[in-house]
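Coordinate inspection notes
Spelled out, the chains give:
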Amino acid sequence: MRDRFLRACRRQPTDCTPVWFMRQAGRYLPEYRRLRERYGLMELCRHPELAAEITLMPVRRFAVDAAIIFADLMTPLEGMGIELEVQEGVGPVIAQPIRSLEDVRRLLVPDDEVLAPATMQAIQIVKGELNGLPLIGFAGAPFTLASYLLEGGPSRDFAQTRAFMFRHPEAWHQLMTKLTETIIRYITAQVRAGVDAVQIFDSWVGCLNPTDYRKFVLPYMRQLFERTAPLGVPRILFGTGTATLLPMMRQVGSEVIGLDWRLPLDEAWQTLDFAVAVQGNLDPAVLLADWQVVKGRAMDILRQAKGKWGHIFNLGHGILPQTDPSIVARLVDFVHEATERPRE
Ligand code: CP3
C-alpha cells in the first residue's frame, strides 16, 4: 500500500502503521559516508543528482513508507544572503550572526524561483524514481531558523535568542516576518516541484514557555500554516521538549504533530484531543541497543497508539550516526508486521 503514510496523516484507515525516520538519509549509511568523503554537506545539497541519489538510499535499503528530500535546514537561508557552513560534528555556523535591527533589515526575502533551485530539481528527479511512494519536503520553522541566525551556531540554552526577543521585540517581529515569508515561498516551491507532504522542524522551540510561545511564535506559525493550507498537502509540525507547548502547537493548524521521545505517546495524543495525527516517538538511542530491547520499546509505542488511525511510527528525533542499518531494516519490518490489519 503505497499511500499508507499519506492516509495516516489524514487519520484514514491503513493496512498497517506507516514508518519513516527523521534523518533517514544520512551518516549512518556507509554509501552516504562514501559520498561525503568527496563533497561537503552543502555542496551535496547544491547537486540535484547527488541529493536525489541520497534521498533514495534509505528507500532502496528499507521498506520505509516515505522518502524525505535530502537538503538541510539551512538551505533556504543562503537565498536570504546569509553566509554559513555546516561543520561536521558541530552543526550550522553563521559567518555574521544577527545582532541588531539593521542586520534584520539587510536580510533578503527571495522569490520562489531563486529559492534553492537545486533542491527543486532534486525533488523532480526523485519523484520520477519513487513509483508512487510519497516524498516529504521540509523546512525549518521561523523560531528554529531565527535561533541559528541569532546564536551563530548550535546552543544549549538559546539565551541570546530569548534575550533578543525580549530586548528587541520590533526587530524580532521583523525577523520572524521575513523568515515566515521565505519559508512559505520555499514550501510552496517544494509542493509545486512535487512533494506530497511537508514537515516543519521547530527543533529548538522547546526552550520557550507557553506564554512566550503564544506571544513570540504562534502568530507566525499560524500565518505559515494558513498560507500553506491551500497547497493541499499534509503538514507535520515537529519540535523537541514540547510537553508544555502541545496545546499551543495544536492551534497552529497542522495535520500531524511530531512528538519527541520525552513524551508518552498516549498522553500526548490525549492532550491533543486525538484531533490530529501523531508521529513518533522512539528514542533514537534505543536503536543502539540489542534487537530485543529495540523490539520491546517499539512495541510499547505501538501499544500506546492502540491501533488508532493516524499514528505514523518514527523516532523522537533524528537517527544517530552510530546506528546499524540492519537494525533499522528489522524495525521497519517489525512495525509493519506487528500492526497488520484488514482494510475496512
Ligand atoms: O532527514 C533526512 O534524511 C533529510 C536530510 C536532512 C538533513 N538535515 C541533512 C543533514 C534534514 C531533514 C535535516 C534537518 C536539520 N538540519 C535539522 C532539523 C532536524 C533536527 O535534527 O532537529 C537541523 C537542526 C539541521 C541543522 C544541522 N545540519 C545539524 C544540527 C547538523 C548536524 C551536525 C553534525 O555533524 O552533528 C547538520 C548536518 C546534516 N544535515 C547532516 C545531514 C545528513 C549530517 C552531517 C554531514 O553529512 O556532514
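Look above for the structure.
**Some words on the overall build of the protein**
- Secondary structure assignment for the protein yields 16 helices and nine strands.
- The principal-axis extent of the C-alpha atoms belonging to the protein is close to 60 × 45 × 40 Å.
- Taking all 344 residues of the protein together, 58% fall into the buried category.
- Pairs at least 24 apart in sequence give 75% of the contacts found in the protein among residues at least 6 apart.
- Element-wise, carbon and sulfur atoms account for 48% of the exposed surface of the protein, whose accessible area totals about 14,200 Å².
- The positive charge centre, built from 39 side chains, and the negative charge centre, built from 40, are 3 Å apart in the protein.

**Some thoughts on the packing of aromatic side chains**
- Under the counting rule described, the total for this entry stands at eight aromatic pairs.
- Ring geometry for Phe 201 versus Phe 238: centroids 6.0 Å apart, planes at 75 degrees, classification edge-to-face. Of this pair, Phe 201 sits in strand β5 (residues 197-202) while Phe 238 sits in strand β6 (residues 235-239), and the two are 37 residues apart along the sequence. Both residues of the pair, Phe 201 and Phe 238, count as buried.
- Between the aromatic rings of Trp 269 and Phe 274, the centroid separation amounts to 5.6 Å while the plane-to-plane angle is 55 degrees, which identifies the pairing as tilted.

**Section: the pattern of salt bridges**
- Under the counting rule described, the total for this entry stands at 17 salt bridges.
- The partner of Arg 303 in a salt bridge is Asp 300, and the shortest N-O contact between them spans 3.2 Å. Separated by three residues within a single helix, Arg 303 and Asp 300 lie in helix α15 (residues 291-305), roughly one turn from each other.
- Taking relative accessible area as the criterion, Arg 303 reaches 51% and is therefore assigned exposed.

**Notes on the packing of α15 against helix α16 (residues 325-338)**
- Where α15 meets α16, the closest approach of the two axes is 11 Å, and the angle between their N-to-C directions is 35 degrees. In terms of crossing hand, the pair formed by α15 and α16 is right-handed. Contacts from Trp 291, Val 294, Lys 295, Ala 298, Met 299 and Leu 302 of α15 reach α16 at Ile 327, Arg 330, Leu 331, Phe 334, Val 335 and Ala 338.
- For the contact of α15 with α16, the residue count by class is ten nonpolar, no polar and two charged.

**Comments concerning the sheet that holds β6**
- Across the sheet, seven strands lie side by side as β1-β4-β5-β6-β7-β8-β9; this open sheet has parallel pairing. Since the sheet does not close on itself, it has two edges, and those belong to β1 (67-68) and β9 (311-315), each with one partner.
- Sheet analysis places β5 next to β6, joined by five bridges and oriented parallel. Opposite Gln 199, over in β6, you have Ile 236 as the bridge partner.

**Quick look at the pairing of β5**
- A large share of β5 lies buried, amounting to six of its six residues.
- The alternating pattern of β5 places Ala 197, Gln 199 and Phe 201 on one face and Val 198, Ile 200 and Asp 202 on the opposite face, and all of these are buried.
- Bridge count between strand β4 (residues 135-140) and β5: five bridges; the pairing is parallel. The residue bridging Ile 136 from the neighbouring strand is Ala 197, located in β5.

**Focus on the site of the ligand**
- Taken together, 27 residues lie near the ligand, and Tyr 32, Arg 36, Gly 89, Ser 203 and His 317 sit nearest.
- Take Arg 36: an N or O atom from its side chain is 2.5 Å from an oxygen atom of the ligand.
- Separating an oxygen atom of the ligand from a backbone N or O atom of Gly 89 is a distance of 2.6 Å.
- Protein contact buries 93% of the 860 Å² of open area that the ligand shows by itself.
- Mapped onto the shell around the ligand, the elements with two or more residues apiece are α2 (30-36), β2 (84-87) and β3 (91-94).

**Examining the pairing of β3**
- The pairing of β2 with β3 spans four bridges and is antiparallel. Within β3, the residue paired with Val 86 across the bridge is Pro 92.
- The antiparallel hairpin formed by β2 and β3 contains three residues in its connecting segment, where Gly 89 sits at a positive phi of about 75 degrees.

**Thoughts on the side chain of Asp 65**
- Tracing the backbone shows Asp 65 in the loop between α4 (48-61) and β1.
- Within the structure, Asp 65 has its side chain in polar contact with the side chain of Arg 4 (distance 2.6 Å).
- If sequence neighbours within four positions are ignored, Asp 65 has contacts with Arg 4, Phe 5, Thr 17, Pro 18, Val 19, Leu 133, Pro 134 and His 336.

**A short note on the environment of Pro 219**
- Relative to the assigned elements, Pro 219 resides in helix α12 (residues 218-228).
- Counting along the chain gives 104 residues from Pro 219 to Leu 115, while the straight-line C-alpha distance between them is 24 Å.

About the thresholds
- Residues numbered from 1 in each chain as written.
- Predicted model: local features only at pLDDT ≥ 70, side-chain atom pairs only at ≥ 80, totals over all residues.
- Heavy atoms only, no water.
- Helix = DSSP H or I, 4+ residues; strand = E, 2+ residues; numbered from the N terminus.
- Buried < 20%, exposed > 50% of the residue type's maximum accessible area, 1.4 Å probe, protein only.
- Contact = heavy atoms within 4.5 Å.
- Areas by Shrake-Rupley, 256 points an atom, 1.4 Å probe, with all protein chains shown as cover.
- Lys, Arg positive; Asp, Glu negative; His and termini not counted.
- Charge placed at Lys NZ, Arg CZ, Asp CG, Glu CD.
- Phe/Tyr/Trp six-rings, centres within 6.5 Å; stacked < 30°, edge-to-face > 60°.
- Salt bridge = Lys/Arg side-chain N within 4 Å of Asp/Glu carboxyl O.
- Axes fitted to C-alpha atoms, helices over the stretch in contact; angles between N-to-C directions.
- Left-handed = near helix turned anticlockwise from the far one by under 90°.
- Nonpolar A, V, L, I, M, F, W, Y, C, P; charged D, E, K, R; others polar.
- Pairing = 2+ DSSP bridges.
- Near = heavy atom within 4 Å.
- Polar contact = N/O pair within 3.5 Å; in protein donor to acceptor, adjacent residues only side chain to side chain.

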